[in-house]
Amino acid sequence: RTIRVWLKRDSGQYWPSIYHTMASPCSAMTYHHDSRRIFVGQDNGAVMEFHVSEDFNKMNFIRTYPAHQNRVSAIIFSLATEWVVSTGHDKCVSWMCTRTGDLLGRHLFPSWASCLQYDFDTQYAFVGDYSGQITLLKLEQDTCSVITTLKGHEGSIACLWWDPIQRLLFSGASDNSIIMWDIGGRKGRTLLLQGHHDRVQSLCYLQLTRQLVSCSSDGGIAVWNMDVSREEAPQWLESDSCQKCEQPFFWNIKQMWDTKTLGLRQHHCRKCGQAVCGKCSSKRSSYPVMGFEFQVRMCDSCYDSIKDEDRTSLATFHEGKHNISHMSMDVARGLMVTCGTDRVVKIWDMTPVVGCSLATGFSPH
């Protein structure tokens with residue numbers, strides 16, 4: 001239930017200059033560097049605003065916003081509109097005026113709202129939820145409109161990252177995968193990235209180097225090269241029989257009866273998307289250009305078409321050595337901070353970004 005501000009001393013050690021105890025456990029936070037304002041979301045649904053002194057040794061309470069009826073999951077502050085936008089486990093996104101403290105608007109989703117990104121120029125909000133859906137909203141002063149919904153994940157959305165320059169949206173989910181949505185292209189292009197073995201918790205896209213940094217709850221840190229030509233993963237095709245050998249699948253009763261054969265289990269080739277039986281898809285291969293960094297099921301013809309150079313990895317993987325729950329990056333200084341369920345905060349040197357090394361770490365909570 002504490003907020004702490006850590007300052008690096010001359011000795012190189014970090015010490016808490018501010019230690020503030022909240023009435024309810026803290027669940028989300030955002031800090032606006034220029035105005036030194038901190039917005040903290042809590043388990044009770046409230047968002048509290050503080051102002052930090054210039055020497056970072058004092059924090060003054062400003063106001064409490066009655067944002068939600070349940071846990072706050074994400075907060076974003078817009079200085080231009082003087083809005084604080086938040087999502088929560090009451091299935092809502094709320095936006096409030098920081099000048100008056102008034103609630104301006106609220107939109108309800110079918111399931112818990114889990115993460116949030118915001119385009120400051122257009123006032124578009126991207127909201128991920130526990131159903132695996134991402135909703136694009138246009139926020140107005142006292143109302144909002146749904147622009148579109150994005151569906152592609154098989155698990156709850158855990159994190160989002162919006163790049164306003166290339167107009168790319170990245171989403172990470174509990175299905176261990178990442179999807180890049182080309183919003184600016186308006187062609188519905190999506191790229192799938194699979195390299196984590198656990199829930200993807202945090203994302204950060206480095207626009208200058210065209211790299212995506214992702215962290216998962218098992219401590220995995222991945223740096224993806226997005227400055228290459230990638231292929232879209234195909235939609236899985238449906239069929240009542242294997243599209244290679246034409247043997248019936250187990251629900252195709254008529255063909256099973258006509259051919260006097262037992263039905264087979266349906267699988268899918270990850271490269272072509274065809275519905276195939278186990279015998280026709282017995283081989284496994286990585287295919288990084290389509291986002292598959294580890295071996296996945298391939299039909300025999302697709303496996304034979306892949307060359308050795310096609311298996312060259314397009315990402316680097318590192319071990320965070322703690323279960324990462326949140327990540328933040330200071331791109332200008334090449335530093336990354338990870339927080340873990342082990343209550344440890346680690347600061348990583350990300351220069352060069354293709355490799356990362358632990359600069360320091362401390363156990364604050």
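Parameters at a glance
Residues numbered from 1 in each chain as written. Predicted model: local features only at pLDDT ≥ 70, side-chain atom pairs only at ≥ 80, totals over all residues. Heavy atoms only, no water. Helix = DSSP H or I, 4+ residues; strand = E, 2+ residues; numbered from the N terminus. Buried < 20%, exposed > 50% of the residue type's maximum accessible area, 1.4 Å probe, protein only. Polar contact = N/O pair within 3.5 Å; in protein donor to acceptor, adjacent residues only side chain to side chain. Contact = heavy atoms within 4.5 Å. Pairing = 2+ DSSP bridges. Axes fitted to C-alpha atoms, helices over the stretch in contact; angles between N-to-C directions. Domains from an automatic or database assignment. Buried area = accessible area lost by both parts, 1.4 Å probe. Nonpolar A, V, L, I, M, F, W, Y, C, P; charged D, E, K, R; others polar. UniProt positions renumbered as here; feature names shortened; annotations may be inferred. 1 Å grid on protein atoms, 1.4 Å probe; cavity = no way out; pocket = protein on both sides within 12 Å on 5 of 7 lines; lining within 4 Å. Points joined across faces, edges and corners; volume = space filled by probe spheres on them.

Relative to the helices and strands, Glu-82 resides in the loop between β7 (72–78) and β8 (83–88). Relative accessible area serves as the criterion here: at 15%, Glu-82 is assigned to the buried category. Of note is the side chain of Glu-82, whose polar atom sits 3.4 Å from the side chain of Arg-37. Aside from chain neighbours lying at most four places away, what touches Glu-82 is Arg-37, Phe-77, Met-96, Cys-97, Thr-98 and Arg-99.

Judged by pairing direction, the sheet is antiparallel, and its four strands sit side by side in the order β7-β8-β9-β10 without closing on themselves. The sheet terminates laterally at β7 and β10 (103–108), the two strands that pair on one side only. Going across the sheet, the axis of each strand differs from the next one's by a mean of 15°, ignoring polarity.

The subject of this paragraph is the domain arrangement of the protein. If you check the domain split of the protein, you get domain 1 (2–233 + 313–349) and domain 2 (253–311). Each of domain 1 and domain 2 has a C-alpha centre, and these two points are 37 Å apart. Roughly 1000 Å² of surface becomes buried between domain 1 and domain 2 when both sides are summed, with 54% attributable to carbon and sulfur atoms. The three residues of domain 1 that bury the most area against domain 2 are Gln-194, Glu-231 and Ser-313, which together make up 47% of that side's buried surface. Here domain 1 and domain 2 share eight residue pairs in polar contact (both at pLDDT 80 or more) between them. Every element with two or more residues in the side of domain 1 that touches domain 2 is listed here: β18 (190–194) and β26 (315–319). Element by element, the count of residues in the side of domain 1 that touches domain 2 is highest for β18, at three residues. Split into classes, the residues belonging to the side of domain 1 that touches domain 2 amount to seven nonpolar, six polar and three charged.

Counting buried positions along strand β15 (residues 157–163) gives six out of seven residues, so the element sits mostly inside the fold. Across six bridges, the pairing between β15 and strand β16 (residues 168–173) is antiparallel. Residue pairing for β16: Trp-162 is matched across the bridge by Leu-169. Two successive antiparallel strands, β15 and β16, enclose a turn made up of four residues, where Arg-167 displays a positive phi of approximately 55°.

Next up on the list: the UniProt feature "repeat: WD" (unreviewed entry) in the protein. Under the feature "repeat: WD" (unreviewed entry), the UniProt entry names residues 150–183 and 193–234. Overall, residues 150–183 shows 0% helix and 62% strand. The separation of its end C-alpha atoms is 10 Å. Counting secondary structure, residues 193–234 comes out at 0% helix and 50% strand; the distance between its end C-alpha atoms is 13 Å.

What follows is about the sheet that holds strand β19 (residues 200–206). Spatially, four strands are ordered β19-β20-β21-β26 in an open sheet, and the strand pairing comes out antiparallel. Each edge of the sheet is formed by a strand with only one pairing partner; in this case those strands are β19 and β26. Within this sheet the neighbouring strands show an average axis-to-axis angle of 15°, counted without direction. Strand direction decides the pairing type here: strand β21 (residues 220–225) and β26, joined by five bridges, are antiparallel. In the strand pairing of β26, Trp-224 is matched with Ala-315.

By volume, the second largest pocket amounts to about 630 Å³. Every residue lining the second largest pocket is counted, 20 residues in all, and those nearest its centre are Gly-152, Glu-154, Leu-192, Ala-233 and Pro-234. Of all the secondary-structure elements, those providing two or more residues to the lining of the second largest pocket are β17 (177–182), β18 and β25 (292–298). Sorting elements by how many residues they give to the lining of the second largest pocket places β18 first, with four residues. Here the lining of the second largest pocket is composed, by residue class, of nine nonpolar, six polar and five charged. Domain assignment of the residues forming the lining of the second largest pocket places at least three in each of domain 1 (2–233 + 313–349) and domain 2 (253–311).

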